[in-house]
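The residues making up each chain are set out below.
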Amino acid sequence: MNFDVIFIGSGHASWHAAVTLSQAGKKVAIVEEDTIAGTCTSYGCDPKILLDGPFELKNQLRQYPEIIKEDVTIDWNALMNYKKKIINPLPDQLEQLFMAVGITIIKGHGRLSDDHTVSVDNNQYTSENIVIATGEHSRKLNIPGSEFLHDSRDFLSLEAMPHKIVFIGAGIISLEFASMAVELGSEVTIVEYADKALANFNQAYVAKAISKLEKAGVKFDFSTSVDVVEKGTTGLVVKTSRGNQIEADYVLDATGRMPNVEGIGLDGLNIDFSAKGIVTDDHLRTSVPNIYASGDVLDKSVGKLTPTATFESNYIAGQILGDSNPINYAVVPAVVFTLPRIANVGVSSVSALNDDNLVVEKIEYGKQMLFQSKNEVDAEITVVIDRATKTLVGAEAYGNEAADLLNFLTLVINKQISASELNQMIFAFPSTTSGIVSLLVTKMMTI
Ligand SMILES: Cc1cc2nc3c(=O)[nH]c(=O)nc-3n(C[C@H](O)[C@H](O)[C@H](O)COP(=O)(O)OP(=O)(O)OC[C@H]3O[C@@H](n4cnc5c(N)ncnc54)[C@H](O)[C@@H]3O)c2cc1C
Ligand SMILES: NC(=O)c1ccc[n+]([C@@H]2O[C@H](COP(=O)([O-])OP(=O)(O)OC[C@H]3O[C@@H](n4cnc5c(N)ncnc54)[C@H](O)[C@@H]3O)[C@@H](O)[C@H]2O)c1
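Residues numbered from 1 in each chain as written. Chains lettered and ligands numbered in written order. Predicted model: local features only at pLDDT ≥ 70, side-chain atom pairs only at ≥ 80, totals over all residues. Heavy atoms only, no water.

What am I meant to see in the site of ligand 2 here?
Residues in close proximity to ligand 2 total 21 residues, the closest being I173, E176, E192, K304 and V335. Note that an oxygen atom of ligand 2 is positioned 3.1 Å from one of the backbone N or O atoms of G256. In isolation ligand 2 exposes 840 Å². Once the protein is present, 77% of that is buried. Per element, the largest residue contribution to the shell around ligand 2 is 3 residues, and it comes from helix 7 (residues 172-183). Considered class by class, the residues forming the shell around ligand 2 number 11 nonpolar, 4 polar and 6 charged. Taken domain by domain, the makeup of the shell around ligand 2 includes at least three residues from each of domain 1 (2-138 + 258-321) and domain 2 (146-255). (Near = heavy atom within 4 Å. Polar contact = N/O pair within 3.5 Å; in protein donor to acceptor, adjacent residues only side chain to side chain. Areas by Shrake-Rupley, 256 points an atom, 1.4 Å probe, with all protein chains shown as cover. Helix = DSSP H or I, 4+ residues; strand = E, 2+ residues; numbered from the N terminus. Nonpolar A, V, L, I, M, F, W, Y, C, P; charged D, E, K, R; others polar. Domains from an automatic or database assignment.)

Here it is, written out as structure tokens:
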């Protein structure tokens, strides 16, 4: 069969473009070997944020210790059933939607056989353009006992929360999942071989999150690696480089994710790739010009996130439809869904400290706007302002509403909205955003 565009992989890096191209009259196929719509939909962001919902609410109730007295318990098993009800039908629903716009779905493992051919099992499909959007898989530590290690996909389908959990790695996945597990009474230990967690985020905010997790009972073991995991008398024993032996009945390897670059025919076509992913030019073309790469499988400097995968997918659709501009990423917000959230966008406060043209300011909105910050006293934003233009170039946030607040500040950064332009706009009140705007405008005008 012959197509205009074949996508290998059906995640966000692929389907936004596939839908646009199909609606524009192109003959489009998506090859998928697992569930339709990729990691985010079934094994990542979507089930994660669904499961997080009740924990987020419970965390907010705690902001009124003198006022809300009743304790609330979360029934994980009921929550898991709810997750199955909402999340499990999504791949089928999306498959129907893709087919309804004319996309051909090919189930199986896709492999490039030449510049214009994708083989799936024993069938060959030819295409003018091919997009590699194969994503990433969880890294698996090569240590004795690696067969006992679980990954994020397993955790998001746990029928019962284990009593004793060891997370390897103090990255995004561990901190998000540990926030839920400790709330359900699990004994949680996080073993991290670096001396800090979430290295790319504001370390003052990370320290707040860690201190909160520690108060809830999570133990952190920094500058330590896991040497061995073995069976003990009652469960598993995790042996660390410090000589500690930690009892566990569940060990989650959350030491990062690796691009799916093996077994897809890259070598045969001399397509460049590294341990970080497929190398492309600034048009997301691989070393074979009619073959693009998109999403997590890319070797890229921006975050490997759903919004960047979506942005690349939309960009590739534009290229195939005739645009010729190089890709130009807008600033990328990143959010860690701990309780509360930690988020950042644009120029970081750490890099701004070495630049005389930039000013770093703290906005303690939790303290300053107690009446509308729902008593979230330590909620805070750090902003980076360009001294010459007095415009916002970066923001970092700690608080329940960090994700939405940073989305708003992302717009302010991208559009280079000045303080006087912000003053010409009217926002709903009382609301966290309106409070932030007035505090931000004052900072921007007075630096
Ligand atoms: C636990 C977890 C939580 C996350 N939470 C967030 C979050 O809150 N916010 C956020 O922005 N990002 C989050 N992410 C990251 C986000 O899921 C990814 O950035 C996003 O899914 C990338 O999309 P993609 O299309 O590039 O890859 P994927 O969604 O991984 O899709 C790739 C698809 O290709 C298929 N495939 C691979 N090889 C082949 C082959 N040879 N033939 C056929 N099919 C193949 C795979 O089966 C897969 O379905 C999370 C990730 C995880 C693991
Ligand atoms: N909210 C979100 O946007 C979100 C949520 C989950 C996952 N993700 C995506 O998934 C990716 C993977 O998440 P992750 O948490 O697995 O990775 P990560 O890169 O965030 O963290 C991995 C951690 O493991 C540590 N580590 C590595 N090897 C180790 C070892 N041998 N022993 C102990 N520690 C070790 C690293 O120092 C790091 O702190 C993220 O980078 C992101 O792209 C995003």
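Would you take a moment to explain the site of ligand 1 for this structure?
Taken together, 35 residues sit near ligand 1, with E32, T39, K48, G110 and D296 positioned nearest. At 2.6 Å, a side-chain N or O of E32 approaches an oxygen atom of ligand 1. A distance of 3.3 Å is found between a nitrogen atom of ligand 1 and a side-chain nitrogen or oxygen belonging to H109. Protein burial of ligand 1: of its 1000 Å² of free accessible surface, 92% is covered by the chains. When residues of the shell around ligand 1 are traced back to their parent elements, those giving at least two are helix 1 (12-23), strand 2 (28-32), helix 2 (38-43), helix 3 (45-61) and helix 9 (306-320). Ranked by residue count, the leading element in the shell around ligand 1 is helix 2, at 4 residues. Within the shell around ligand 1, the residues separate by chemical class into 12 nonpolar, 16 polar and 7 charged.

Any chance you could explain the domain arrangement of the chain here in plain terms?
One frequently used descriptor of interface size is the decrease in accessible area upon assembly of the parts. Examined at the domain level, the chain breaks down into domain 1 (2-138 + 258-321), domain 2 (146-255) and domain 3 (340-446). Domain 1 and domain 3 are separated by 32 Å when their C-alpha centres are compared. If you look at the interface, domain 1 gives 7 residues, while domain 3 gives 7 residues. Each partner contributes to the roughly 580 Å² buried at the junction of domain 1 and domain 3, and carbon and sulfur atoms together form 29% of this total. On inspection of domain 1 and its partner domain 3, the count reaches 2 salt bridges. Across the pair R341 and E56 runs a salt bridge, and its minimum N-O distance is 3.5 Å. There are 5 residue pairs in polar contact (both at pLDDT 80 or more) connecting domain 1 and domain 3. In terms of residue class, the side of domain 1 that touches domain 3 is built from 2 nonpolar, 3 polar and 2 charged. (Contact = heavy atoms within 4.5 Å. Buried area = accessible area lost by both parts, 1.4 Å probe. Salt bridge = Lys/Arg side-chain N within 4 Å of Asp/Glu carboxyl O.)

Explain empty space enclosed by the protein here, please?
Taking a probe equal in size to a water molecule and rolling it over the atoms shows the remaining empty space. Overall, the coordinates contain 1 cavity of 30 Å³ or more when judged by the stated rule. Here the largest cavity is characterised by a volume of approximately 30 Å³. Considering the residues around the largest cavity, the lining is formed by K48, D52, E176, S179, M180, F337 and L339. Of all the secondary-structure elements, those providing two or more residues to the lining of the largest cavity are helix 3 and helix 7. (1 Å grid on protein atoms, 1.4 Å probe; cavity = no way out; pocket = protein on both sides within 12 Å on 5 of 7 lines; lining within 4 Å. Points joined across faces, edges and corners; volume = space filled by probe spheres on them.)

Help me out: how do you make sense of the packing of helix 1 against helix 9 in this one?
Packed helices, taken two at a time, are described by their axes: the angle between them and the distance between them. Packing of helix 1 against helix 9 leaves a shortest axis separation of 7 Å and a crossing angle of 35 degrees. In this structure, helix 1 crosses over helix 9, and the sense of that crossing is right-handed. Taken together, the residues of helix 9 that come into contact with helix 1 (itself represented by H12, A13, S14, W15, H16, A17, T20 and L21) are T306, A309, T310, S313, N314, A317 and I320. Per-class residue counts for the contact of helix 1 with helix 9 are 7 nonpolar, 8 polar and no charged. (Axes fitted to C-alpha atoms, helices over the stretch in contact; angles between N-to-C directions. Left-handed = near helix turned anticlockwise from the far one by under 90°.)

Explain the UniProt feature "binding site: FAD" (unreviewed entry) in the chain to me, please; I cannot follow it from the model alone.
Per the UniProt record, the feature "binding site: FAD" (unreviewed entry) sits at G110 and D296. With respect to the secondary-structure elements, G110 resides in strand 4 (residues 110-114). In contact with G110, other than residues within four places in its own chain, are I8, V31, V118, S119, V120, G263 and I264. Tracing the chain through its elements places D296 in the loop between strand 19 (291-293) and helix 9. Excluding anything up to four places from it in sequence, D296 contacts G135, E136, K304 and L305. (UniProt positions renumbered as here; feature names shortened; annotations may be inferred.)

I'm lost on the UniProt feature "binding site: NAD(+)" (unreviewed entry) in the chain in this one. Help?
According to UniProt, the "binding site: NAD(+)" (unreviewed entry) feature falls on G169, A170, G171, I172, I173, S174, L175, E176, E192 and G256. Restricting the annotated residues just mentioned to those that line the largest cavity leaves E176. Along the chain, the position of A170 falls in the loop between strand 9 (164-168) and helix 7. Not counting residues up to four positions away in its chain, the partners in contact with A170 are L175, I190, V191, E192, A197, L198 and F222.

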